[in-house]
Amino acid sequence: YIFPWWSSEEKKVAWGGFAALILLSLISVYIAVLYTNWQRDFFNAIEKKDLHRFLYEALIYGPLVGAILFDFCSRAYLTAWLSFKWRRWSTEQLQKKWLSHKNFYKIALTSKEIDNPDQRISQDIKEVCHSTMNIFFSLFRDGINFFFFFIILWELSKDFSFHFSSYTIKTP
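The rules behind these values
- Residues numbered from 1 in each chain as written.
- Predicted model: local features only at pLDDT ≥ 70, side-chain atom pairs only at ≥ 80, totals over all residues.
- Heavy atoms only, no water.
- Salt bridge = Lys/Arg side-chain N within 4 Å of Asp/Glu carboxyl O.
- Helix = DSSP H or I, 4+ residues; strand = E, 2+ residues; numbered from the N terminus.
- Patch = residues over 30% accessible without salt bridge, like charges linked within 9 Å, V, L, I, M, F, W, Y side chains within 5 Å.
- Areas by Shrake-Rupley, 256 points an atom, 1.4 Å probe, with all protein chains shown as cover.
- Phe/Tyr/Trp six-rings, centres within 6.5 Å; stacked < 30°, edge-to-face > 60°.
- Buried < 20%, exposed > 50% of the residue type's maximum accessible area, 1.4 Å probe, protein only.

(A) Fine view of the pattern of salt bridges. In total, this model carries 6 salt bridges according to the counting rule given. Here Asp41 ties to Arg40 by a salt bridge, and the two come within 3.0 Å at their closest N and O atoms. With a shortest N-O distance of 3.0 Å, Glu57 and Arg53 are connected by a salt bridge. Of this pair, Glu57 and Arg53 both sit in helix 2 (residues 51–99), 4 residues apart, which is roughly one turn of the helix.

(B) Region of interest: a nonpolar patch on the surface. A cluster of nonpolar side chains, contributed by Phe146, Phe147, Phe148, Phe150, Ile151 and Trp154, occupies part of the molecular surface with about 620 Å² of accessible area. Of note, Phe146 is situated in helix 4 (residues 117–156).

(C) Region of interest: the packing of aromatic side chains. A complete count under the given rule lists 18 aromatic pairs for this structure. Ring geometry for Trp6 and Trp86: centres 5.7 Å apart, planes at 70°, overall edge-to-face. Here Trp86 lies in helix 2 and Trp6 lies in the segment before helix 1 (11–48), a separation of 80 residues in the sequence. Accessibility classification places Trp6 together with Trp86 in one group, the buried group. Ring centres 5.6 Å apart and planes at 50° place the aromatic pair Phe18 and Phe137 in the tilted group. With a gap of 119 residues between them, Phe18 in helix 1 and Phe137 in helix 4 connect regions that are remote in the sequence. Residue classification places Phe137 among the buried residues on the basis of a relative accessible area of 8%.

The values are spatial; any link to function lies outside them.
Shown next, in the form of structure tokens:
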């Protein structure tokens, strides 16, 4: 029940929310790069004792923190909303199967170990939907972060050389 929702009657909501979360994840990475550049400029201003630049960077800090908070809250809200939609659809589908052909009656007769299957369905689906969304978007966002910060670090280490045993390796 992970993939059928994406092709169900709610596919527009599913794919629209997915696209919005991808966009918010990319914006999140952009904000992280902006914050990294802000930190560089802010601490360079402190090091150089440049009051004008320090005050300028201090003024930028407020809107930057606002963007970070907006990014975090909007991604958290949209992820929760989308996983709730997915969870509601999946719960309805599984409960229809459970109630069809009097399966609930057959389960009660054949097994005494299953207690409250409707609640178990709801709880398990909640975990699957929420965890799948969080894992996917965390991996996606962290992968994009890795890529961009790898580029930043590569640019910073252009003239850096590594010494390993008797070998010297220079970064291009």
